[in-house]
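Descriptive structure summary
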Amino acid sequence: MKKLLVVLVLLVSIVIFSGTIDEIKSRGYLLVGLSADFPPFEFVDESGNIAGFDVDLAKEIARRLGVELKIVDMTFDGLIPSLLTKKIDVIISGMTITEERKKVVAFSDPYFDAGQVIVVRKDSDFRPKTYEDLVGKTVAVQIGTTGDIEVSKYEGIKVVRFDKFTDAFLELKRGRADAVVLDSATARAFVAKNPDLVISSGVLSSEQYGIAVRKEDTDLLEFINSVLRELKKSPYDVLIEKWFSE
């Protein structure tokens, strides 16, 4: 009887945990959540289309699944709640793998190495090199991002949070914030188009981006990891060159 019970539990588990890919293929599209204000990973291009490194990655995953890609653009802090409530299938949005996030979602193998930097106005004498240099200052961040998490650890830093990192930069440009903290690749992309800003620090952290799925979607997670492993053999280098070459 005990053996029969174990078999039944295993069969139920297989039914529950192995159907995500079948469901996606049945409906004919993959729902990818992202926050399209994070160039060069995801942004709205001059034609009004959402483009970027993560978008190309999402397209490749959808193509290999044999389905269409449907992008769901939202604020960054809404991504995990939307994933957990099944409004999207995956998150591909420059999301740093953290122990806190791993408590509620499962992450793919890392697909990009990143780190935080500090951006200030070029016409200011303020040139912070560390987070400690920001104590006593007002720092603008995108809510829920690693930049938000890091500066919030320090007493004495006034943190102002925005849904979009572009609004954080607007706060800096208007002189209502002393600095912005965000991921280095996006900072470089934004500063390149805004000569009135400058990156004042080196990379202050070592982190990795991952694709997030619900913990029970083990079949989808393994499929995504297999795609990443294949991409890194060659096409991945093409994507890196496309979006991160100077």
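Scroll up to find the structure.
A short tour of the structure in this document, coming up. Keep in mind it's a predicted model, so treat the numbers as computed, not measured. (Residues numbered from 1 in each chain as written. Predicted model: local features only at pLDDT ≥ 70, side-chain atom pairs only at ≥ 80, totals over all residues. Heavy atoms only, no water.)

**As for the overall build of the chain**
The helix and strand inventory of the chain stands at ten helices and 15 strands. Counting all 246 residues of the chain, 50% fall into the buried class. Considering only residue pairs separated by 6 or more positions, the chain has 69% of its internal contacts joining residues 24 or more positions apart. As displayed, the chain has an accessible area near 12,400 Å², and 54% of this comes from carbon and sulfur atoms. (Helix = DSSP H or I, 4+ residues; strand = E, 2+ residues; numbered from the N terminus. Buried < 20%, exposed > 50% of the residue type's maximum accessible area, 1.4 Å probe, protein only. Contact = heavy atoms within 4.5 Å. Areas by Shrake-Rupley, 256 points an atom, 1.4 Å probe, with all protein chains shown as cover.)

**Thoughts on the pairing of strand E1 (residues 29–34)**
In terms of burial, E1 is a largely internal element, five of the six residues being buried. The sheet contact formed by E1 and strand E5 (residues 68–73) spans six bridges and is parallel. Paired with Val32 across the bridge in E5 is Ile71. Bridge count between E1 and strand E6 (residues 90–91): two bridges; the pairing is parallel. Looking across to E6, one finds that Gly33 is bridged to Ile91. (Pairing = 2+ DSSP bridges.)

**A look at the layout of surface pockets**
Left-over empty space is what a probe sized like a water molecule reveals as it rolls over the atoms. Empty space within the second largest pocket amounts to approximately 180 Å³. Lining the second largest pocket are twelve residues, and of these Thr20, Glu23, Lys86, Arg214 and Asp217 sit closest to its centre. With three residues, helix H2 (residues 20–27) is the single largest residue contributor to the lining of the second largest pocket. Each residue belonging to the lining of the second largest pocket can be placed in one class, and the counts come to three nonpolar, two polar and seven charged. (1 Å grid on protein atoms, 1.4 Å probe; cavity = no way out; pocket = protein on both sides within 12 Å on 5 of 7 lines; lining within 4 Å. Points joined across faces, edges and corners; volume = space filled by probe spheres on them. Nonpolar A, V, L, I, M, F, W, Y, C, P; charged D, E, K, R; others polar.)

**Overview of the pattern of salt bridges**
Across all of its chains, the model carries 14 salt bridges by this definition. Among the salt bridges present, the one from Arg27 reaches Glu23, with a minimum N-O distance of 3.5 Å. Separated by four residues within a single helix, Arg27 and Glu23 lie in helix H2, roughly one turn from each other. A relative accessible area of 26% means that Arg27 is categorised as partly exposed. Between Lys102 and Glu99 there is a salt bridge, and its shortest N-O distance comes to 3.2 Å. Highlighted residues: Lys102 and Glu99, both in helix H5 (residues 99–102), separated by three residues, approximately one helical turn. Given the relative accessible area of 37%, Lys102 is considered partly exposed. Through salt bridges with shared partners, one network takes in Glu23, Arg27 and Asp89. (Salt bridge = Lys/Arg side-chain N within 4 Å of Asp/Glu carboxyl O.)

**A short note on the sheet that holds strand E12 (residues 179–183)**
Ordered by their spatial adjacency, five strands build an open sheet running E11-E10-E12-E9-E13, and the pairing between neighbours is mixed. Only two strands of the sheet have a single neighbouring strand rather than two, namely strand E11 (158–162) and strand E13 (197–199). Going from strand to strand, the sheet's axes swing by 30° on average, the running direction of each strand aside. Pairing analysis gives two bridges linking strand E10 (residues 138–142) to E12, with the strands arranged parallel. Each bridged residue has a counterpart across the sheet, and for Val139 the counterpart in E12 is Ala179. Against the sheet, helix H7 (residues 165–173) contacts strand E9 (116–121), E10, E11, E12 and E13, and its axis sits at roughly 155° relative to E12. Where helix H8 (residues 184–193) meets the sheet, its contacts fall on E9, E12 and E13, and the angle it forms with E12 comes to roughly 125°. (Axes fitted to C-alpha atoms, helices over the stretch in contact; angles between N-to-C directions.)

**Quick word on the nonpolar core**
Counting residues in each nonpolar core, the largest one holds 29 residues, and the members touching the most others are Leu30, Ile61, Val90, Ile92, Tyr111, Ile211 and Ile224. Setting aside residues no more than four positions away along its own chain, Ile92 makes contact with Val32, Gly33, Leu34, Glu42, Asp54, Leu57, Ala58, Ile61, Tyr111 and Ile211. Counting residues in each nonpolar core, the second largest holds 16 residues, with Ala177, Leu182, Ala187 and Leu197 among its members. (Core = buried A, V, L, I, M, F, W, Y, C linked by side-chain atoms within 4.5 Å.)

**Focus: the packing of aromatic side chains**
The relative placement of two aromatic rings is captured by the distance of their centres and the angle of their planes. With the rule as written, the count across this model stands at twelve aromatic pairs. When the centroid spacing of 6.2 Å and the interplanar angle of 15° are considered together, the rings of Phe53 and Tyr111 count as stacked. In this pair, Phe53 sits in helix H3 (residues 53–65) while Tyr111 sits in the loop between strand E7 (106–107) and strand E8 (112–114), placing the two residues 58 residues apart along the sequence. The buried category is assigned to Phe53, whose relative accessible area is 0%. (Phe/Tyr/Trp six-rings, centres within 6.5 Å; stacked < 30°, edge-to-face > 60°.)

**Notes on the packing of H2 against helix H9 (residues 218–231)**
Interaxial distance between H2 and H9 falls to 7 Å at its minimum, and their mutual angle equals 80°. When the axes of H2 and H9 are compared, the pair comes out roughly perpendicular. Contacts from Thr20, Ile21 and Ile24 in H2 reach Asp219, Leu220 and Phe223 in H9. Here the residues of the contact of H2 with H9 sort into four nonpolar, one polar and one charged. (Parallel < 35°, antiparallel > 145°, perpendicular 65-115°, else oblique.)

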